[in-house]
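What follows is each chain in one-letter form.
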Amino acid sequence: MVTIPKGTKDVLPSDSYRFQYVEQKAGAVAARYAFREVRTPTFEHTELFCRGVGDTTDIVNKEMYTFLDKGDRSITLKPEGTAGVARLFIENGLQNSALPAKLYYITPAFRYERPQAGRLREFHQFGVEFFGSASPDADAEVILLADDFLKDLGIEDVELNLNSIGCKHCRPKYNEALRDYFRPHLGELCETCRTRFEKNPLRMLDCKETRCHEIAANAPLITDYLCEECKEHFETVKELLREAGVSFRLNPNIVRGLDYYSKTVFEFVSTAIGAQGTVLGGGRYDTLIEHLGGNPTPAVGFAAGIERLILLMQNTGIPFGEEPAVTVYLAGMDEASRKKAFALCAALRKAGVAADTDHMNRSLKAQFKYAGKTGAKFVATIGSNELEHGFMTVKNMTSSASENVSFENAVDYFTKGV
Ligand code: ATP
Ligand code: MG
C-alpha cells in the first residue's frame, strides 16, 4: 500500500470539524475588523519567495519545495502566505484603489522540515495583511485582531512577546554592533550563522543551534539602537496596546523568521505545546512591496499556524463547539416503512433539518447502535403499525423520552419544536 508522505496529515471527520471551527472564528474576527479574504495559488515562481521571504531565511535556504515544471520554470509550493498576497496586491493594482487594503487568507503552506509535534511539511495558516498605513495604529490593530482571535477560540494561556527591530536607518548601526560582538566568536558559530554574519547579522539571533544560541544571548540589544522615529513608533504601539488592555512582554530577542520585517515584530507564545510554542507571529514589513516591484507601501500583518492552535486547544482541554451530528435518524423496519423513512428523510433535509436513514438494510437494533455512535439527537422509528396509523415514534437520545409524531407534523416537529 502507498502510504501518506512524511510530515503530512489526513484530516478525518473527527478532526475536520476542529479545523472548520478555527477557520470560522478566523473569518468572523477578520470580518469584524473589516479584513476581506483573498486566495492565491498554491504554487508561485520560486523567485517570488527568494525575493519576498529573503534568501537568508531558513525557509528559502532549506525548507522550500522547489521543482522545475514541464516548461522548465522553477516553481515553489508556497511556504508562507505573505509573499503571494503581496504579489496579488501589486499585480491586481490594489495599490491604486482604496487604501488601506485589509486582506486575510487561510492557506496550506509547505516546508521541508523535520516533522514533530506542531511541525509539519504541509500545514495551514490564517494570516492578515494590512497594506497602506505606516501608522502605529495599524500595528496595534493587527495585534488586537490576533488577540481577539485567540480569545474567541478560548485560548488564554499565551503570552504576547513584542519587539522592534528598527528600520533601514537604524538597523545598519545595529548590524555593525552585532558584527563587532560576534566577530571574536565566528569560529564557534554554525555555517548558517557565518553566512548571516555577512548578509544579515540580525538573523543570527534566531539561530536554534545550542552554541549559537548561547553566544547570541549576550549580544547587544536592538532596542538600544533604535532611531527617534522607530522609538516613537514603538512607544505608540505599546501605549495603544496598554489602552486596549492587551498585556505583553518586551522581548528583544524576537527577530522573526523572514527578512523583510522592520519596526514592530511580535509573537504569541504558548507553554502548553512544548518547543513549538509560537502559535502566531507577525510584524511590520514596510519595504516588501517596493522590493517586489510595487509602489512603496507600508504594511503590517501576522500568520497563525492552524494545526498548532488546534494542538494547543486539545492539550489544554478547550472545546471546539459541538461535533456535527444529525438531528434525527429515521429507522424503518420492513420494506414499506423503510421507503417511508427514506421519503421523510428527504422531506426533512429539504426543510433544512439534518437527517439520515439506513442504507445497509440493518436490523432496528443495529440502526439504533449506528445512530447512537454518530450522535443523532433523535431516532424516529417507523414500523408496520406506525405506517398503518400515520405516525413515527420519536426517541430523544439524551433523555430517552419517547413520543408519537404524525407524519404530517414531522417537518414542523423538527424545525420548530426542537
Ligand atoms: P518556527 O520558529 O516554529 O519554525 P516560523 O518562524 O518558521 O516558526 P512563521 O514563518 O512565522 O513560523 O509562520 C507563522 C506560524 O505558522 C508559526 O507561528 C506556526 O504557528 C506556524 N508554522 C510554521 N511552520 C510550521 C510547520 N512546519 N508546521 C506547522 N506549523 C507551522
Ligand atoms: Mg520555521
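The structure we're discussing is the one just above.
Calculation notes
- Residues numbered from 1 in each chain as written.
- Chains lettered and ligands numbered in written order.
- Predicted model: local features only at pLDDT ≥ 70, side-chain atom pairs only at ≥ 80, totals over all residues.
- Heavy atoms only, no water.
- Helix = DSSP H or I, 4+ residues; strand = E, 2+ residues; numbered from the N terminus.
- Contact = heavy atoms within 4.5 Å.
- Axes fitted to C-alpha atoms, helices over the stretch in contact; angles between N-to-C directions.
- Parallel < 35°, antiparallel > 145°, perpendicular 65-115°, else oblique.
- Left-handed = near helix turned anticlockwise from the far one by under 90°.
- Nonpolar A, V, L, I, M, F, W, Y, C, P; charged D, E, K, R; others polar.
- 1 Å grid on protein atoms, 1.4 Å probe; cavity = no way out; pocket = protein on both sides within 12 Å on 5 of 7 lines; lining within 4 Å.
- Points joined across faces, edges and corners; volume = space filled by probe spheres on them.
- Pairing = 2+ DSSP bridges.
- Expected span 1.5 Å × (residues − 1).
- Buried < 20%, exposed > 50% of the residue type's maximum accessible area, 1.4 Å probe, protein only.
- Arc of directions from axis to C-beta.

Trainee: A description of the environment of leucine 344 should follow, citing residues and the corresponding values.
Mentor: Along the polypeptide, leucine 344 turns up in helix α12 (residues 335-350). For the pair leucine 344 and glutamate 408, spaced 64 residues apart in the sequence, the C-alpha separation amounts to 9.8 Å. Non-local contacts of leucine 344, meaning those with residues more than four positions away in its chain, are made with Leu330, Ile382, Met392, Phe407 and Ala410.

Trainee: Residue-level account of the packing of helix α1 (residues 13-32) against helix α5 (residues 136-152), with values.
Mentor: With their axes 10 Å apart at the nearest point, α1 and α5 run at an angle of 140 degrees to one another. Between α1 and α5, the interaxial angle falls into the category oblique. Pair α1 / α5 crosses with right-handed handedness. Taken together, the residues of α5 that come into contact with α1 (itself represented by Tyr21, Val22, Lys25, Ala26, Val29 and Arg32) are Leu145, Asp148, Phe149 and Asp152. Of the residues belonging to the contact of α1 with α5, the class tally is 6 nonpolar, no polar and 4 charged.

Trainee: With reference to specific residues and values, describe empty space enclosed by the protein.
Mentor: If you walk through the whole model with that rule in mind, you get 1 cavity of 30 Å³ or more. Of the pockets and cavities examined, the largest cavity occupies roughly 60 Å³. Around the largest cavity, the lining residues are Ile165, Arg171, Asn200, Leu202, Arg203, Val255, Arg256, Leu258, Asp259 and Tyr261.

Trainee: Could you give me a rundown of the sheet that holds strand β13 (residues 355-357), with the residues and numbers involved?
Mentor: In space, the 5 strands of this open sheet follow the order β13-β12-β14-β15-β16, with mixed pairing throughout. Bordering the open sheet on either side are β13 and β16 (402-406), each of which pairs with just one other strand. Looking at each pair of strands side by side, their axes are set apart by 25 degrees on average, direction ignored. This element, helix α13 (residues 364-373), spans β12 (328-332), β13, β14 (378-382) and β15 (391-396) of the sheet and lies at about 170 degrees to β12.

Trainee: Help me get a handle on the sheet that holds strand β10 (residues 278-284), residues and values and all.
Mentor: Judged by pairing direction, the sheet is mixed, and its 8 strands sit side by side in the order β1-β5-β6-β11-β10-β9-β7-β8 without closing on themselves. Among the strands making up the open sheet, the edge pair consists of β1 (36-37) and β8 (249-250). When strand β5 (residues 101-110) meets strand β6 (residues 122-131), the two strands line up antiparallel, connected through 10 bridges. The partner of alanine 109 across the bridge, within β6, is phenylalanine 123.

Trainee: Got a sec to walk through helix α9 (residues 228-243)? Specific residues and values, please.
Mentor: Each α-helix turn comprises 3.6 residues. Residues three or four places apart therefore point the same way. With 16 residues, α9 ought to run about 22 Å at 1.5 Å a step, and its terminal C-alpha atoms sit 22 Å apart, in line with that. All of the buried residues in α9 are Cys230, His233, Phe234, Val237, Lys238 and Leu241. Seen from one end, α9 has its buried residues packed into an arc of 130 degrees, which puts them on one side. What points out from α9, more than 90 degrees from its buried face, is the exposed set Glu228, Glu232, Arg242 and Glu243. Downstream of α9 by one or two residues, glycine 245 has phi in the positive range, about 75 degrees.

Trainee: I'd like to hear about the packing of α5 against α9, residue by residue, with values.
Mentor: Geometry of a packed helix pair, given as the angle between the helix axes and the separation of the axes. Running from N to C, α5 and α9 point in directions that differ by 40 degrees, and their axes come no closer than 9 Å. Taken together, the axes of α5 and α9 are oblique relative to one another. Like other packed secondary-structure pairs, α5 and α9 cross with a definite hand, here right-handed. Counting all contacts with α5, which are made through Pro136, Asp137, Asp139, Ala140, Ile143 and Leu144, the residues of α9 involved are His233, Thr236, Val237, Leu240 and Leu241. In the contact of α5 with α9, the residues fall into 7 nonpolar, 2 polar and 2 charged.

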